[in-house]
Amino acid sequence: MKIGSFGLQPAAALGTIFIWTFSETEIVLGFENLTAAPVDEHSHEVLLEFPDNRLLIDLCGEFDKNLTHIESFLGVQIVRRGNHLVILGDAREKAAEVLKALYLRLEAGQSVEPGDIDGEIRLGGTDEGTGTRDGDQIEMFKPGNTEIMTRKKTVQPRTEAQKAYVENLFSNELAFGIGPAGTGKTYLAVAVGVNMFLGGHVDKIILSRPAVEAGERLGFLPGDMKDKVDPYMQPLYDALGDFLPGKQVAKLIEEKRIEIAPLAFMRGRTLANAFVVLDEAQNATSMQMKMFLTRLGEGSRMVITGDRTQVDLPRGVQSGLRDAESLLKGINQISFNYFTVKDVVRHPLVAKIISAYDEASENAAAQKVAAKATDGS
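Residues numbered from 1 in each chain as written. Predicted model: local features only at pLDDT ≥ 70, side-chain atom pairs only at ≥ 80, totals over all residues. Heavy atoms only, no water.

## With respect to the overall build of the protein
A tally of regular secondary structure across the protein gives 11 helices and 14 strands. The buried share of the protein, reckoned over its 377 residues, is 45%. In the protein, once contacts between residues fewer than 6 apart in sequence are set aside, the share between residues at least 24 apart is 68%. (Helix = DSSP H or I, 4+ residues; strand = E, 2+ residues; numbered from the N terminus. Buried < 20%, exposed > 50% of the residue type's maximum accessible area, 1.4 Å probe, protein only. Contact = heavy atoms within 4.5 Å.)

Structure (structure tokens):
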């Protein structure tokens, strides 16, 4: 029996048990040497075969933690038998697709982390092979997955909303990413910026955010201007550090090819041939937002990210993000991407925390409406 690289073929001798192999060559499966319980046409098993035991070990993870992760998420049972994995349960086909996609990652020399597993589950595995092309700015190694190549790591969107967001970052000159914390808005924007910079599509990266305190009164901070503003900019430094070596980041900052500065420092500039990111845009006033958007110069890309539920502006001050959202929709080359709690890719508890706060806010709003209706009557 010949089993191709990119498809599942039923083994007639075993009813609905399937074999997956990653080899184009004809192999001897040796079914006559296996002692298996009889199966009928309603068998709930899928059998996957992996030719490289070393990669299979990485696929399973330490103490089979990766298999446990898939089991708990999809409600299946995965049994390891030598270089085979047996999957039982209603979502067995889905689990098989996820395992195949993760194995292909390992074959391509990439690692498998918990976030990668979540991403494959959310986006859905496929049985297409991998392959990258030199010089690709954005690379598709299989349908449903997008790769952003940087110096230190390869980044992939983990949800459909993230995938659409990344595609818009490459195809539009001005893009907005709006949604709750932990959805990868800034992280993906910086990754795309680094990718375009390394590819020679822009000459510099400019990262900015409003220097607004999150409810505290910090007073006067010690040091020079850089020392005073760096604490507000630290999340942007962290993101850069994930994609570029530390020494290279320091050198590029020294050469002014990477700039990290507060929003207030943008006035009067024309940002040409640059990839520009404004983070925490919900804390920009309407005038600051207008000022920043009009800095866009020839050959530049601009990304605005923010969370409308975390505004730290003084009471009564309108968020510039809300104004821009209402005024700029419908303009060509400006995209708006929205994220929900389902797109949170941080710790699993973060999604539950955001849901709890959102539910409390909705209940409070409903109680206010009910109270007004009672007073009116």
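## What to know about the packing of helix H3 (residues 92–107) against helix H4 (residues 114–123)
Helices that pack against each other are described as a pair by the angle of their axes relative to one another and the distance between those axes. Their axes nearest at 9 Å, the elements H3 and H4 cross at an angle of 130 degrees. With respect to H4, the element H3 is oriented oblique. The element H3 and its partner H4 pack so that their crossing is right-handed. Here Lys94, Val98, Ala101, Leu102 and Arg105 of H3 lie close against H4, whose contacting residues are Asp116, Ile117, Glu120 and Ile121. Split into classes, the residues belonging to the contact of H3 with H4 amount to 5 nonpolar, no polar and 4 charged. (Axes fitted to C-alpha atoms, helices over the stretch in contact; angles between N-to-C directions. Parallel < 35°, antiparallel > 145°, perpendicular 65-115°, else oblique. Left-handed = near helix turned anticlockwise from the far one by under 90°. Nonpolar A, V, L, I, M, F, W, Y, C, P; charged D, E, K, R; others polar.)

## Thoughts on the sheet that holds strand S5 (residues 84–88)
Ordered by their spatial adjacency, 3 strands build an open sheet running S3-S5-S4, and the pairing between neighbours is antiparallel. Here the strands that pair on one side only, and so sit at the sheet edges, are strand S3 (45–49) and strand S4 (77–81). Averaged over all adjacent pairs, the angle separating strand axes in this sheet is 20 degrees, with direction ignored. Bridging between S3 and S5 involves 5 bridges; their strand directions are antiparallel. The partner of Glu45 across the bridge, within S5, is Leu88. (Pairing = 2+ DSSP bridges.)

## Some words on the sheet that holds strand S10 (residues 204–209)
Taken in spatial order, the 6 strands of this open sheet run S11-S10-S12-S13-S9-S14, and their pairing is parallel. Each of the sheet's edge strands pairs with one partner strand only, and the pair in question is strand S11 (258–262) and strand S14 (334–338). Put simply, the sheet's adjacent strands are angled 15 degrees from each other on average, direction ignored. Of the strands in this sheet, strand S9 (174–178), S10, strand S12 (274–278) and strand S13 (301–306) touch helix H9 (residues 286–293), which is tilted by about 155 degrees from S13.

## Here's the deal with the packing of aromatic side chains
The geometry of an aromatic ring pair is captured by the separation of the ring centres together with the interplanar angle, meaning the angle of the planes. Taken as a whole and judged by the stated rule, the model has 4 aromatic pairs. Both rings, one in Tyr165 and one in Phe339, keep their centres 5.2 Å apart while their planes meet at 85 degrees; by these two values the pair is edge-to-face. Residue Tyr165 is found in helix H5 (residues 160–171), and its partner Phe339 is found in the loop between S14 and helix H11 (348–376); the two are separated by 174 residues along the sequence. The ring of Phe336 is capped by Lys329, whose NZ or CZ atom sits 6.0 Å from the centre of that ring. (Phe/Tyr/Trp six-rings, centres within 6.5 Å; stacked < 30°, edge-to-face > 60°. Lys NZ or Arg CZ within 6 Å of the ring centre and 35° of its normal.)

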